[in-house]
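Analysis of the macromolecular model
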Amino acid sequence: MCENCVGHEHEHEHDHDHHEHSHHEHSHEQNQHKACAIQCFNGTWDLLDKPDRTREEDMLMLHTAHASRFHWSYCGTHVNLLRGEWQVSRVCSELKLGESALLHGQYCYDLCIEHDVKGFDLAFAYEALARAYAVLGDESKKSEMIQKGLEAAEGVPDKDDKDYCIKELNSIK
């Protein structure tokens, strides 16, 4: 799925010719990671939106979500990281992997709190947690997260974004 992926060479401790990468090399590697992260994120969305996925496509969706998050760890902002965690959580919920969905949803939420992120991303952190609790069968926690998500969505300034948050939160069964 990602023809741009960066290989990581292992440096040997006994290699005395080690030298720092130039800024250009570092920037090029970051650009490759960014291209891979975006390509994997978008590929994951394409699979999430596909109505009749095969088992192989389900597995590919899981792997591309993780790959996107992995690549963002080398080049992304805290927003890229939390959105990557959100996407992994969403995929895990879709695949009925409740514990994994909760793990990644909680990390998404924790990153929001750590970086004082509000509005859209906080609403979707709650959405991830609500979906995870739905998969795990915890109706009380699911309802609590949906309510907190709806409250966070009130802080979304753009009407279309706010409506999208609310629609997604209300779609959780």
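Whatever comes next refers back to the structure up there.
This section reports on the structure supplied with the text. No experiment lies behind these values; they were computed from the predicted model shown.

1. Examining helix 7 (residues 159-170)
Between its terminal C-alpha atoms helix 7 stretches 16 Å, which fits the 16 Å expected from 12 residues at 1.5 Å a residue. For helix 7, the complete set of buried residues consists of Cys 165, Glu 168 and Leu 169. Seen end-on, helix 7 carries its buried residues on one side only, within an arc spanning 100°. Residues of helix 7 that are exposed and point over 90 degrees away from its buried face: Lys 159, Asp 160 and Lys 167. Among the structural elements, helix 3 (78-94), helix 5 (119-136) and helix 6 (139-153) are those in contact with the buried residues of helix 7. At the N-terminal end of helix 7, a side-chain oxygen is found 3.1 Å from the backbone nitrogen of Asp 160, two or three residues along, and the residue is Asp 158.

2. A closer look at the nonpolar core
In terms of nonpolar packing, the biggest core is built from 38 residues, with Met 61, Leu 82, Val 91, Cys 112, Met 145 and Cys 165 touching the most fellow members. Counting residues per element, this core draws most heavily on helix 5, which supplies 10 residues. Leaving out residues up to four positions away in the same chain, Val 91 has contacts with Thr 44, Leu 48, Met 61, Leu 62 and Ala 65.

3. Considerations on the packing of aromatic side chains
In this structure the tally under the stated criterion is six aromatic pairs. With 4.9 Å between their ring centres and 50° between their planes, Phe 120 and Phe 124 make a pair best called tilted. Linking Phe 120 with Phe 124, this pair stays in helix 5, spanning four residues, or about one helical turn. Relative accessible area serves as the criterion here: at 7%, Phe 124 is assigned to the buried category. An aromatic cluster is built from Trp 45, Trp 86, Phe 120, Phe 124 and Tyr 164, whose rings are joined through pairwise contacts.

Scoring rules and cut-offs
Residues numbered from 1 in each chain as written. Predicted model: local features only at pLDDT ≥ 70, side-chain atom pairs only at ≥ 80, totals over all residues. Heavy atoms only, no water. Helix = DSSP H or I, 4+ residues; strand = E, 2+ residues; numbered from the N terminus. Expected span 1.5 Å × (residues − 1). Buried < 20%, exposed > 50% of the residue type's maximum accessible area, 1.4 Å probe, protein only. Arc of directions from axis to C-beta. Contact = heavy atoms within 4.5 Å. Polar contact = N/O pair within 3.5 Å; in protein donor to acceptor, adjacent residues only side chain to side chain. Core = buried A, V, L, I, M, F, W, Y, C linked by side-chain atoms within 4.5 Å. Phe/Tyr/Trp six-rings, centres within 6.5 Å; stacked < 30°, edge-to-face > 60°.

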